Amino acid sequence: MEAAGWRWVFLLNVPLAAVVVLVAVRHVPESVDPGARGRFDVLGAALAALALAGTTYALTEAPGGGAAPAVIVAAGAAGVAAAVVFVLVERARGRGRHLPGRRPRGEAPRPMLPLEVFASRQFSAVNVVTFVVYGGMGVLFFLFVLNLQVVGGFSPVAAGTALLPVTVLMLLLSARAGALAQKIGPRLPMTLGLVVAATGMLLVGRIGEGTSYVTGVLPAVIVFGLGLSAVVAPLTATVLATADERHAGVASGVNNAVARAAGLLAVAAIPPLVGLTGDAYNDPAAFSDGFRLAMTVCAALLAAGAVLSFLTVGDDALRGPSGEHREPQCRSQCGVGAPQLQPEAETVPAAGKDAQ
């Protein structure tokens, strides 16, 4: 990208998307809910998009004053109003009701987000933890590469590959973290993992001008990666274990949406609030100060996530009603983007094989 320009990096998605389509068509089994009825919830999807767009625009433009105050206030108000209406619409959809003032045409659309999934206190609590943690992580991943280039003098390629140790650690250790959570419960791995990851963020905040990758960047990245590896698999397993089985797909989507929305809103809000606007991105001294403060804020978010995990996540979250163990439905995961909640393939019992 040093020669062609940063926009060309998005072309990388084209061959990757093509590979994903081919693999999905050939190897991903179809899953159908025979009891599913009703039309797609177009209104709910539109309201959710409007809520995110309005609040994100307001958070992005407010600190820098790039738009008129009236426009910023209107966008924020529209986003909040859309979020409120979205909840009301989804509640009505969940009860099988048509919206007031609309002529019924066949069955009412199914809710995009059945609110009944939040009846589980554990499910709601883990999603709150997800929101806090992935908000802090989103800011780190957004600013880290910029800091290495603007302040540290790294090339774009070197800065872009600096976080590879996090991916490697996630791939190597997530399965072990999931197995540990199965034995002792998810609360302790999540709590301690977030404390370690917060410590790694504080170390990342110390990366500045002249910092060596081997002695400065790599240790901070390893500490952060070790903490993250202890968190994501137990968090993912808990999300699905605490949701009703018929809502497994919805639980997966909710947790991923929460993680994505958290990163989006945090990246829109935190950098401007710590002074990273406009010319600060071209001023190494100003960027370094803002980056250090942003990492402190993000470390505080992860520490808050640790406290929430300790207070709200139960040690029995991965056990069934009768106390039996529930296998984590996702043991290995790279948490750079968001939790992936793909369940493991079910095995056919021996008796079932004999019967066949």
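Here, every reference points to the structure presented above.
A brief structural summary. (Residues numbered from 1 in each chain as written. Predicted model: local features only at pLDDT ≥ 70, side-chain atom pairs only at ≥ 80, totals over all residues. Heavy atoms only, no water.)

### What about the overall build of the chain?
Okay, step 1: On a plain count of helices and strands, the chain comes out with eleven helices and zero strands.
Okay, step 2: Considering the chain as a whole, with its 356 residues, one finds that 40% of them fall into the buried category.
Okay, step 3: The long-range share in the chain, meaning contacts at least 24 apart out of those at least 6 apart in sequence, stands at 79%.
Okay, step 4: For the chain, the exposed surface amounts to about 19000 Å²; the carbon and sulfur share of it is 65%. (Helix = DSSP H or I, 4+ residues; strand = E, 2+ residues; numbered from the N terminus. Buried < 20%, exposed > 50% of the residue type's maximum accessible area, 1.4 Å probe, protein only. Contact = heavy atoms within 4.5 Å. Areas by Shrake-Rupley, 256 points an atom, 1.4 Å probe, with all protein chains shown as cover.)

### Observations concerning a nonpolar patch on the surface
Okay, step 1: Where nonpolar side chains cluster on the molecular surface, the patch consists of Leu-180, Ile-184, Leu-188 and Leu-192 and spans about 350 Å² of accessible area.
Okay, step 2: Among the secondary structure elements, those contributing two or more residues to the nonpolar patch are α6 (164-184) and α7 (187-204).
Okay, step 3: Tracing the backbone shows Ile-184 in helix α6. (Patch = residues over 30% accessible without salt bridge, like charges linked within 9 Å, V, L, I, M, F, W, Y side chains within 5 Å. Salt bridge = Lys/Arg side-chain N within 4 Å of Asp/Glu carboxyl O.)

### Quick look at the side chain of Asp-41
Okay, step 1: Summarising the element assignment, Asp-41 is placed in the loop between α1 (13-27) and α2 (42-64).
Okay, step 2: Separated by 2.9 Å, the side chain of Asp-41 and the backbone nitrogen of Gly-44 make a polar contact.
Okay, step 3: The residues touching Asp-41, leaving out its near neighbours within four places in the chain, are Glu-90, Arg-93, Pro-109, Arg-110, Pro-111 and Met-112. (Polar contact = N/O pair within 3.5 Å; in protein donor to acceptor, adjacent residues only side chain to side chain.)

### Here's the deal with the nonpolar core
Okay, step 1: In terms of nonpolar packing, the biggest core is built from 63 residues, with Phe-144 and Phe-224 touching the most fellow members.
Okay, step 2: When contributions to this core are tallied by element, the ones reaching two or more residues are α2, α3 (69-94), α4 (121-150), α6, α7, α8 (213-241), α9 (248-273) and α10 (284-312).
Okay, step 3: Ranked by the residues each element gives to this core, the list is headed by α4, at twelve residues.
Okay, step 4: Filtering out sequence-adjacent residues up to four positions away, Phe-224 remains in contact with Met-137, Leu-140, Phe-141, Val-166, Ala-197, Gly-200, Met-201 and Leu-302. (Core = buried A, V, L, I, M, F, W, Y, C linked by side-chain atoms within 4.5 Å.)

### Remarks on the pattern of salt bridges
Okay, step 1: If you walk through the whole model with that rule in mind, you get two salt bridges.
Okay, step 2: A salt bridge links Arg-187 to Asp-315, with the nearest nitrogen and oxygen atoms 3.1 Å apart. With Arg-187 in helix α7 and Asp-315 in the loop between α10 and α11 (350-355), this residue pair connects regions lying 128 residues apart in the sequence.
Okay, step 3: Judged by its relative accessible area of 25%, Arg-187 is partly exposed.
Okay, step 4: With a relative accessible area of 37%, Asp-315 lands in the partly exposed category.

### Details of α4
Side chains that are three or four residues apart share a direction in an α-helix, a result of its 3.6 residues per turn.
Okay, step 1: The end-to-end C-alpha separation of α4 is 44 Å, in line with the 44 Å expected for 30 residues at 1.5 Å each.
Okay, step 2: Bending of α4 peaks at approximately 30° at the position of Leu-143.
Okay, step 3: Of all 30 residues making up α4, 21 are buried, and the element is well covered by its neighbours. (Expected span 1.5 Å × (residues − 1). Bend = angle between axes of the 7 residues up to and from the residue.)

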